[in-house]
Protein chains: 2
Amino acid sequence: MKIDINREEKTPVYIQIANQIRHQIETGEIPEGQRLPSERKLADFLGVNRTTVLNAYSTLKSEGILGSFVGNGTVVQGAAISRTEESQRISAEPVWNQLLSRYAGRFDSGLVKELLELASRSDVISFATGIAAPDSGPIEILNDLEEALLEKANIRALLHSPTEGFLSLRRAMCAVMQKRGVYCTADEVMLLAGSQQGIDLAARILIDPGDIVVIEEPTYFPAIQVFKTAGARIMTVPVDENGMKVDILEQLLHRYRPKLIYTIPTYQNPTGTEMSLERRKRLITLAKQFNVVILEDDAYGDLCYEGSQLPLLKALDDSGYVVYLSTFSKNVYSGLRLGWLTADKRIIKEFSMAKQLMDLHSSSLAQWIIERFVVSGGLDTHLKRVCVEYKDRRDVMLLALTRYAPKGMIWNKPRGGYYVWCQLPQGLSADRLVAKAAEYKVSFIPGTPFFCTARSDAFIRLNFTYAPINRIEEGIKLLCKAMKELLNENHNDASDHVVEVNPII
Amino acid sequence: MKIDINREEKTPVYIQIANQIRHQIETGEIPEGQRLPSERKLADFLGVNRTTVLNAYSTLKSEGILGSFVGNGTVVQGAAISRTEESQRISAEPVWNQLLSRYAGRFDSGLVKELLELASRSDVISFATGIAAPDSGPIEILNDLEEALLEKANIRALLHSPTEGFLSLRRAMCAVMQKRGVYCTADEVMLLAGSQQGIDLAARILIDPGDIVVIEEPTYFPAIQVFKTAGARIMTVPVDENGMKVDILEQLLHRYRPKLIYTIPTYQNPTGTEMSLERRKRLITLAKQFNVVILEDDAYGDLCYEGSQLPLLKALDDSGYVVYLSTFSKNVYSGLRLGWLTADKRIIKEFSMAKQLMDLHSSSLAQWIIERFVVSGGLDTHLKRVCVEYKDRRDVMLLALTRYAPKGMIWNKPRGGYYVWCQLPQGLSADRLVAKAAEYKVSFIPGTPFFCTARSDAFIRLNFTYAPINRIEEGIKLLCKAMKELLNENHNDASDHVVEVNPII
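Residues numbered from 1 in each chain as written. Chains lettered and ligands numbered in written order. Predicted model: local features only at pLDDT ≥ 70, side-chain atom pairs only at ≥ 80, totals over all residues.

Participant: Looking at this model, I keep getting lost on helix α10 (residues 195-206) of chain A. Mind explaining?
Facilitator: Helical geometry: 3.6 residues make up each α-helical turn, so side chains three or four residues apart lie on a common side. All names here are of chain A. When the terminal C-alpha atoms of α10 are compared, their 16 Å separation across 12 residues agrees well with the 16 Å that a helix rising 1.5 Å per residue should span. Across the 12 residues that make up α10, a large majority, 12, are buried. By the burial criterion, the buried members of α10 are Ser-195, Gln-196, Gln-197, Gly-198, Ile-199, Asp-200, Leu-201, Ala-202, Ala-203, Arg-204, Ile-205 and Leu-206. (Helix = DSSP H or I, 4+ residues; strand = E, 2+ residues; numbered from the N terminus. Expected span 1.5 Å × (residues − 1). Buried ≥ 20, exposed ≤ 12 C-beta atoms within 10 Å, placed from the backbone.)

Participant: I tried to follow the relation of the copies chain A and chain B on my own but got confused; where do I start?
Facilitator: To go from the first copy of the chain to the second, apply a rotation about an axis and then a shift along the same axis. The two copies are related by a screw operation: chain A maps onto chain B through 180 degrees of rotation and 0.0 Å of translation along the axis, at an RMSD of 0.0 Å. Both copies are brought into coincidence by an operation consistent with a two-fold rotation axis. Among all residues of chain A, the minimum C-alpha distance to the rotation axis is found for Glu146(A), at 2.9 Å. Interface residue correspondence from chain A to chain B reaches 100%, placing this contact among same-surface, isologous pairings. (Least-squares fit on C-alpha atoms with pLDDT ≥ 70 in both. Contact = placed C-beta atoms within 7 Å.)

Participant: Please explain the interface of chain A and chain B as it appears in this structure.
Facilitator: Often, the extent of an interface is quoted as the loss of accessible area upon association of its parts. Contacts between the two partners involve 98 residues from chain A and, on the opposite side, 98 residues from chain B. No other element matches the 9 residues that helix α15 (residues 345-359) of chain A contributes to the side of chain A that touches chain B. Taken together, the residues that form the side of chain A that touches chain B break down as 52 nonpolar, 25 polar and 21 charged. (Nonpolar A, V, L, I, M, F, W, Y, C, P; charged D, E, K, R; others polar.)

Participant: How do you make sense of the sheet that holds strand β6 (residues 233-240) of chain A when you look at a structure like this?
Facilitator: Residues and elements named next belong to chain A. In space, the 8 strands of this open sheet follow the order β4-β11-β10-β9-β8-β5-β6-β7, with mixed pairing throughout. Edge positions in the sheet fall to β4 (189-192) and β7 (243-244), since each has one partner strand and no second. Relative to strand β8 (residues 260-263), strand β5 (residues 212-217) is paired through 3 bridges, and the arrangement is parallel. Counterpart to Ile-215 in the pairing with β8 is Tyr-262. (Pairing = 2+ DSSP bridges.)

Participant: Please clarify how the sheet that holds strand β12 (residues 410-411) of chain A should be interpreted in this entry.
Facilitator: Backbone hydrogen bonds are what pair the strands of a sheet, in a parallel or an antiparallel way. All names here are of chain A. Ordered by their spatial adjacency, 4 strands build an open sheet running β12-β13-β16-β15, and the pairing between neighbours is antiparallel. In the strand order of this sheet, the two ends are held by β12 and β15 (445-446), each with one partner. Pairing geometry for strand β13 (residues 419-423) and strand β16 (residues 459-463), over 5 bridges, is antiparallel. From the neighbouring strand, Cys-422 faces β16, where its bridge partner is Ile-460.

Participant: Looking at this structure, how should I read unusual backbone geometry?
Facilitator: Residue and element names in this part refer to chain B. The step from Glu-217 to Pro-218 runs through a cis peptide bond, and the omega angle for that step is 0 degrees. By secondary structure assignment, the location of Pro-218 is in the loop between β5 (212-217) and α11 (221-229). Residue Pro-270 is reached from Asn-269 by a cis peptide bond, and omega for that bond is 15 degrees. Here Pro-270 lies in the loop between β8 (260-263) and α13 (277-290). Look at Asn-291: it is not a glycine, yet its phi comes out positive at around 50 degrees. Asn-291 sits in the partly exposed class, given 17 other C-beta atoms within 10 Å. Positive phi values are uncommon outside glycine, yet Leu-360 reaches one of about 65 degrees.

Participant: Even after reading the chapter, I still don't get the nonpolar core, so can you show me in this structure?
Facilitator: One finds Val323(A) and Val323(B) to be the most contacted residues of the largest nonpolar core, which totals 191 residues. Those residues within four positions of Val323(A) in sequence are excluded, and the remaining contacts are Ala202(A), Val293(A), Ile294(A), Leu295(A), Glu296(A), Leu341(A), Ala343(A) and Ile347(A). (Core = buried A, V, L, I, M, F, W, Y, C linked by C-beta atoms within 7 Å.)

Participant: What should I look at first to understand the pairing of β5(B) in this one?
Facilitator: Residues in a regular strand point their side chains to alternate faces of the sheet. All names here are of chain B. Burial runs high along β5: 5 of the 6 residues are buried. Looking at chain direction, β5 and strand β6 (residues 233-240) are connected through 6 bridges and run parallel. Pairing of Ile-212 across the sheet is with Arg-233, part of β6. Note on the crossover from β5 through α11 to β6: the handedness is right-handed. (Right-handed = clockwise from strand over helix to strand, strands pointing away.)

This is the structure we're talking about:
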């Protein structure tokens, strides 16, 4: 139903509306039995008073063209249609539960969505997100952007790219990978719409419902959701200060036949730990022995604040078992939605077939901006700068924790990445702390969603890259105050009611 | 394996390389048994002569640190590893056929990929693609881009957006939809990484393997591939000059219970036809009657070159059965990868859950650019301009066909969109014509891939929006010459060998 209002015309607006609706009904463009928008909705859309639409509808009702039915709004009258048929037909709505797939039936909560929304609240000191501070991004990626895009050769930034990404960018990515210790060729690289897409693609091309996927516990929860929704049977291996406990993995491999091991070996999310070199080597050996693919998620690997980086699993992989995944979301800008895969070219081909059906290719403009940034050396310069900045932020957070944390709280000192992982004092529930901290306008993520089989309410993840550096101490102080308050409440509860405090609620 | 060469140093480069590799082997960073890059590969990466790497490897071999095995290249020696074990282990590669999912096993050919590549060849007059001429895009989307992005409020263009897209853009899309005759609210709109993603999402949330999907025949072939790969059972309804033959659909609905009907009612790809108003209404009624979702793909609807547009299915839908899908690829720039869905908010929620697992959200930068373009009125102005331009191109093509087409060839005159659909003279094979036309440096798409169950080799699709307007006549002339040549060959064959010409090869 299309209505154009001409305020220059002498005809009253309500008659203009009525005339146009009548015309469209007469030509059959609006069919008999169709329900029209509510008066309020149409008024909002047309930018007119609700009374104007009311008058237009009334005019048409008086002509017998429109009718009203309780619960069905305003409906185009059809002489041929009896009221019974009418109301039967127009009240019909899709029976969605007959229509949705089993995939849709496995959807979990919308936690990621909520987190994306949370990040935009300005009145809260946020340690909750997994994103960089807006002002720590390399705004120089915009330098001469318009001028450069207007050059004829750069029109490609607005047109289609190959599914795997522009060849020139894939070549540039080989140089990036070389700095990370991996020697690959352009056909072993593929650009993605963020590394989340890489996890989803891996699930699609490797996992059938019932297949086993091994993950670290705790781990990046959207990955858990991807594998669960794909129908995978998920098995977990705990993480300690040296990363995934590969000895437990080995037992598991002997007993089961997983298809995929998902790991974040470097500055793990959420624990900030690194898998030791010894375990990395063992993991590669096990992958070969048991014919299982390793998906190495390296979102944070180049954010190293002290010492030297351990070799990537992909750098240790001489047989093609490792599918390496990384992103520009954590070190450039998350909104560009650009990540990449490095893997054996036979498996890149499968990823590419799946991606072609999913979105044809990733944003050409984002690819072009990143290519310019990488090739000009801007990325290297920027990385050096943010590593200094993030180290400072981390140190401010660690110092504040030392100063304010309640007795019994334990946390690690990550060498890189985005997160400090904290174990709460006994008796404190992370989920309850969320609410209490919100009263103090501090946010963080409870550890709960990062666990899959074990249920642990004793951990929280603190991000130190998003909140302004000069508010980190204040935020930690407030958070610790919230903890102490809850601990006191617990204590009182315990002494009042003489019940045992259960840390798992 | 990381190697930094310092050309300022006095130490010869090959010794620098050898020293660094030795050090990494000694520290265990490169493990025993690992295969090193080939000499050529490493030389290419480091930008050194191949002999330099050869010398470095020789040095380490003479020290017993490296060894060579035929077929396995250069390998780190381990005293503890016997050669047999060694070669057993390092020759192992993933057994992919045990690892790939059933989904991956259903991948079809890479035709879309090839087409994306084809578009970049400059020596060919291309009627093959489904894209606009690079110079017909609205380059004004770049006006003051850099300046605007540097404004603080616009930093959001580089950061995360909600999964459904920026609220401000979804509101702007409501106004776009209103111009198309649909009254919706922001929570009934969701941005996508192109409309291909919408088809894929629909398959994910609605289709289980074995479910029935109804498509038009012929239709947009990547949609066929998406549904096939999802494991759907595909049923087809033929298209005539009034679009999908809804009477045949009705018979099919009585016999089977499909979950989804995929249709391109307006300026259909590939046939350029429009579904009549009567059939549109009937289709909506049938969807209600049989509880089946309609996926309305409206990639071309606003490219109307004469007369007025027929109402969208979504404009006729009063009960939420229609999921409306459109894109900025055909009317703005394809490389931005931005499209959108309009649907009942309950089903938007399902799409959003799936998209969150797939790629979190679409490019914020592309969203921001499009929002600026839509809100400023730029899109409306641009659409008026391209509709004039594309009408001219279409007319040039139609005139050239009238002038040069061989006897027996039939084509339509589309009122809008991108394509002219041609039936070849009897005895001509579209697939054979592709090769012959390539000799004349003209490309097009044979009709074959647009068919799913019927196998027809008698049609070709000609795009008129991509080739420069001043080369369209020349291209058609050459194409028709190729046809006539093939027809003559057929004729000679037939008279020489006295065999019946079979139009289906």
